[in-house]
Amino acid sequence: MHREGRIKLLFILPAVAWVLCFTVFPLVYGVRLSLYNVKVGAADEFVGLANYRHFLEDARAWASLAVTLVFVGCGVAAQVALGLALAVLFTRAMPLRGVMRTLLTAPLFATPIAVGFLFVTVFYEEGGLVNGLLGLKVPWLSHPTWAVVSVIIVDVWQWTPFCFLIFLAALGGIPEDCYEAARLETKSGWALFRHVTLPMLQPTVVLVLLLRITEAFKVFDIPFTLTTGGPGTATQVLTMYAYRTGMRFFNFGYASAISVVVFLMVTGIILVLFRRIRQVYQ
């Protein structure tokens, strides 16, 4: 190998080592662990697909999956819609637009753990910020339905700026000639948005959906700090159920099987969205 080739290899070696140590090895080990009945202080017992059959028969796992799907569906839809609406709004001239853009992106830089604990005080039922200012008596964190709504609101608050930034950059890349040509046919702002902006943004929308759905399926920190999965198991997402199965009940084999199921679901969604992106560009 030439000296230049060795230098290139030296530069990419840390990245390769990182991927192998923190992505490939945990994935392979997790899949292997899901095929065993792991007991603390005892030898691992190979059980094949028994943990996956247990998942299919586990009502608590299906309940956690339902909570996850509600969280992903409602949260991501709201983030994409709000992010797009705000991006369109902030492409127009307005006073202090730069300052307002900066303030709008601030939630994106907060850590989810801190955000969860912050909104515990915001949604506190007796004298909390929301109920206190608006004079409400909403049981944000103690009622099953309102607890799910609270978790979704917090996730939307933190991740809408992410969608906003991507849409804002995409809107800036749309040629003004497209709008000028369309204005010869109509002066309606809604018609321009529907027939020019949305078609041009379709690849970006699919990309944002891909990124946000992937992350939303793995959510753990916000529901854990905000409600710890309660009341009862009303906000227990599938990742939290896997965590409790492994770290509280020490059933590491079944917890790994749940994690593999989450991985397969996310992979399937990614493949579908990637196929959609390819169809858009063909």
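A brief look at the structure comes next. These numbers come from a predicted model, not from an experiment.

### Side note on the packing of aromatic side chains
Per the counting criterion, the structure on display carries 15 aromatic pairs. Note on Phe90 and Phe164: the rings are 5.6 Å apart at their centroids and 75° apart in plane angle, and the pair reads as edge-to-face. Of this pair, Phe90 sits in helix α3 (residues 59-90) while Phe164 is found in helix α7 (residues 144-172), placing the two residues 74 residues apart along the sequence. With respect to class, Phe90 is no different from Phe164; both count as buried.

### Some words on the pattern of salt bridges
Per the stated rule, a full pass over the model turns up four salt bridges. Across the pair Arg212 and Asp155 runs a salt bridge whose closest N-O atoms are separated by 3.5 Å. Here Asp155 lies in helix α7 and Arg212 lies in helix α9 (residues 189-217), a separation of 57 residues in the sequence. On the accessibility criterion, Arg212 (2% relative accessible area) is buried.

### Brief notes about the nonpolar core
Core analysis: the largest hydrophobic core is formed by 62 residues, its most contacted members being Phe123 and Phe167. Those residues in contact with Phe167 that lie beyond four places of it in its chain are Val80, Gly83, Leu84, Ala87, Thr204, Val205 and Val208.

### Quick notes on empty space enclosed by the protein
Take a probe with the size of a water molecule and roll it over the atoms, and the empty space left behind shows itself. Going through the model one piece at a time under the given rule, you end up with one cavity of 30 Å³ or more. Of the voids in this model, the largest cavity is the one considered here, and its volume is about 40 Å³. As for the largest cavity, its lining consists of Val67, Phe71, Val148, Val151, Thr235 and Val237. Mapped onto the lining of the largest cavity, the elements with two or more residues apiece are α3 and α7. Classifying every residue of the lining of the largest cavity gives five nonpolar, one polar and no charged.

### Here we look at helix α5 (residues 112-122)
When α5 is considered as a whole, its buried residues turn out to be Val115, Gly116, Phe119 and Val122. Viewed end-on, α5 has its buried residues packed into an arc of 115°, placing them on one side of the element. Opposite the buried face of α5, at more than 90 degrees from it, the exposed residues are Phe117 and Thr121. Looking at the buried positions of α5, the neighbouring elements they touch are α6 (129-134), α7 and α10 (221-226).

How each quantity is defined
Residues numbered from 1 in each chain as written. Predicted model: local features only at pLDDT ≥ 70, side-chain atom pairs only at ≥ 80, totals over all residues. Heavy atoms only, no water. Phe/Tyr/Trp six-rings, centres within 6.5 Å; stacked < 30°, edge-to-face > 60°. Helix = DSSP H or I, 4+ residues; strand = E, 2+ residues; numbered from the N terminus. Buried < 20%, exposed > 50% of the residue type's maximum accessible area, 1.4 Å probe, protein only. Salt bridge = Lys/Arg side-chain N within 4 Å of Asp/Glu carboxyl O. Core = buried A, V, L, I, M, F, W, Y, C linked by side-chain atoms within 4.5 Å. Contact = heavy atoms within 4.5 Å. 1 Å grid on protein atoms, 1.4 Å probe; cavity = no way out; pocket = protein on both sides within 12 Å on 5 of 7 lines; lining within 4 Å. Points joined across faces, edges and corners; volume = space filled by probe spheres on them. Nonpolar A, V, L, I, M, F, W, Y, C, P; charged D, E, K, R; others polar. Arc of directions from axis to C-beta.

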